[in-house]
Amino acid sequence: LVSRAMPLLYVNKLAAAELLPIDPAIGDRVRDSIARVMTRQDTNGAFGLWAPGGGEDIWLHAYVTDFLTRAREAGHDVPQKGFDQALDYLRNTVVNVNDIDDKKADGIAYAVYVLARNGRPVMSDLRYLADTKLDAFSSPLARAQIAAALALLGDRGRARTVFASANVRLAAVPATKFSRADYGSRLRDSAGLLALGGEAGVDRAELVKASLVLEEERSRPLYTSTQEDAWMVLAAEALSAQTQGISLDVDGAPHQGALYRHWPGQQLEGVNVTIGNRGQTPARIVISTSGNPAAPEPAAEHGYRIERAFYKLNGEKIDASKALMQTDRFVVALKVTELESAYARLMLVDHLPAGVEIENSDLFDGGSVEDLAFLKREVEPAHTEARDDRFVAAFDRAGEKQAEFTVAYIARAVTPGHYVLPPATIEDMYRPERFGRTASSTLDVAERKP
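A brief look at the structure comes next.

Quick look at the nonpolar core
Right, so step 1: Residues Phe67, Leu68, Ile146 and Trp231 are the most contacted members of the largest nonpolar core, which totals 87 residues.
Right, so step 2: With 10 residues, helix H6 (residues 102-117) is the largest single contributor of residues to this core.
Right, so step 3: Excluding its chain neighbours within four sequence positions, the residues that come into contact with Trp231 are Tyr63, Tyr110, Leu141, Gln145, Arg188, Ala191, Gly192, Ala195 and Leu196.
Right, so step 4: If you look at the next biggest cluster of nonpolar residues, it comprises 32 residues, including Phe310, Ala320, Ala403 and Leu443.

Next comes the structure, spelled out in structure tokens:
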């Protein structure tokens with residue numbers, strides 16, 4: 001939620017600078033995001049990922065509080081009491097930490113950055129971390145957050161030293177295809193260094209180092225996570241003023257500053273777009289394409305396999321493309337197989353065909369069906385929910401061993417017709433290139449005669 005909401009604070013400003021379309025509803029979307037975030041705050045001030053509770057994830061709590069801080073700075077209303085409680089929780093966590101280990105380091109660094117951004121008295125903590133505990137922070141982003149916090153509170157000498165060490169760590173940290181506990185990746189970290197370095201006004205040479213890593217990492221994945229996207233937007237915002245020295249030529253017309261353009265496919269048919277560099281320094285161009293598949297995509301296995309099956313309530317397996325009648329209740333079972341063990345935060349999504357609605361969103365929670373005892377759930381989901389158009393389940397996997405696990409729900413055939421049955425997907429939220437997908441098919445609901 002917050003990873004998608006954070007860029008909303010800056011997207012219209014960035015779009016306006018490049019004469020791109022503006023989202024007139026951005027204010028409402030930010031307000032809705034703030035309201036939804038606040039429903040996940042516990043009585044102690046901490047935020048949970050799916051609901052109140054889970055405040056032991058200090059990095060997540062700091063990230064949410066960072067979003068609320070930036071929203072306030074942009075002029076959006078944030079409930080004062082809840083915001084103060086969020087900051088107090090960060091401060092209490094920093095004060096009461098006895099030792100900084102790998103599990104705590106990333107969250108502590110983010111906490112002191114958010115506290116510093118809000119003017120809370122953390123200078124003594126920052127200097128202690130920078131002078132005596134910096135080696136405990138293995139994450140490049142964590143070191144950059146400490147550096148940015150020092151700069152915000154006026155200690156630019158230490159900030160330069162710590163930011164330089166963040167770049168050293170960034171260069172040394174290898175890329176990995178698996179998720180990390182801090183929701184990050186090398187791409188996310190390089191974007192974070194650019195965002196925080198731009199805000200803190202660090203030397204251009206240090207920014208160039210981070211930008212080279214970002215360029216290298218951005219060229220690799222076919223997909224990016226919401227964390228990576230959010231921090232790249234923050235980097236674009238923080239560095240927007242530094243791009244004014246770029247001098248380009250676009251189809252013969254001069255252009256000053258960074259260039260962002262969107263061309264629909266039909267607009268480019270038979271047409272060339274020429275971009276030239278009129279400046280004295282090298283300029284880089286990045287081209288991204290997006291679109292919808294021309295034909296339904298087949299099943300896919302990239303780290304995970306997902307299988308979908310349909311059953312009558314008596315346990316009999318059915319072919320949903322032929323056997324459903326209006327008002328029929330049936331079970332949708334989704335089996336996930338990990339092809340290799342890995343730490344991951346998984347999101348399972350099963351989009352509903354039109355004409356079908358969910359009746360029981362969690363068959364294993366107070367809605368068990370005796371004849372479906374074979375659908376034993378060995379892995380408990382962290383969260384399940386039924387939306388109007390989909391079933392969603394989240395799983396936290398420690399990567400200790402490979403596993404197979406099943407989640408199921410009860411649906412009802414409501415409206416007669418012939419429908420597309422979209423694929424079900426399982427995806428590592430922070431390594432979206434690791435996913436599984438069923439094939440698309442069709443589903444028929446026959447009218448029940450009176």
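On we go.
Overview of helix H9 (residues 156-172)
Right, so step 1: Taking 1.5 Å as the rise per residue, H9 with 17 residues should run 24 Å; its terminal C-alpha atoms sit 24 Å apart, in good agreement.
Right, so step 2: Residues of H9 that are buried sit in contact with helix H7 (123-132), helix H8 (140-152), helix H10 (186-200) and helix H11 (204-218).

Looking at the side chain of Ser185
Right, so step 1: Looking at the element boundaries, Ser185 is found in the loop between H9 and H10.
Right, so step 2: Residue Ser185 is classed as buried on the basis of its relative accessible area of 5%.
Right, so step 3: Engagement of the side chain of Ser185 in a polar contact is seen with the side chain of Glu228, the distance being 2.5 Å.
Right, so step 4: Those residues in contact with Ser185, other than ones at most four positions away along the chain, are Arg180, Glu228 and Arg431.

Overview of the packing of aromatic side chains
Right, so step 1: This structure, assessed with the given rule, holds 11 aromatic pairs.
Right, so step 2: Measuring from centroid to centroid gives 5.1 Å for Tyr183 and Tyr430, while their planes differ by 80°, and the two rings are edge-to-face. Taken together, the positions of Tyr183 in the loop between H9 and H10 and Tyr430 in the loop between strand S15 (424-428) and strand S16 (435-437) put the pair 247 residues apart, joining distant regions of the chain.
Right, so step 3: Judged by its relative accessible area of 10%, Tyr430 is buried.
Right, so step 4: Over the ring of Tyr183 we find Arg345, and its NZ or CZ is 3.8 Å from the ring centre.

Calculation rules
Residues numbered from 1 in each chain as written. Predicted model: local features only at pLDDT ≥ 70, side-chain atom pairs only at ≥ 80, totals over all residues. Heavy atoms only, no water. Core = buried A, V, L, I, M, F, W, Y, C linked by side-chain atoms within 4.5 Å. Buried < 20%, exposed > 50% of the residue type's maximum accessible area, 1.4 Å probe, protein only. Helix = DSSP H or I, 4+ residues; strand = E, 2+ residues; numbered from the N terminus. Contact = heavy atoms within 4.5 Å. Expected span 1.5 Å × (residues − 1). Polar contact = N/O pair within 3.5 Å; in protein donor to acceptor, adjacent residues only side chain to side chain. Phe/Tyr/Trp six-rings, centres within 6.5 Å; stacked < 30°, edge-to-face > 60°. Lys NZ or Arg CZ within 6 Å of the ring centre and 35° of its normal.

The analysis is restricted to geometry; functional conclusions fall outside its scope.
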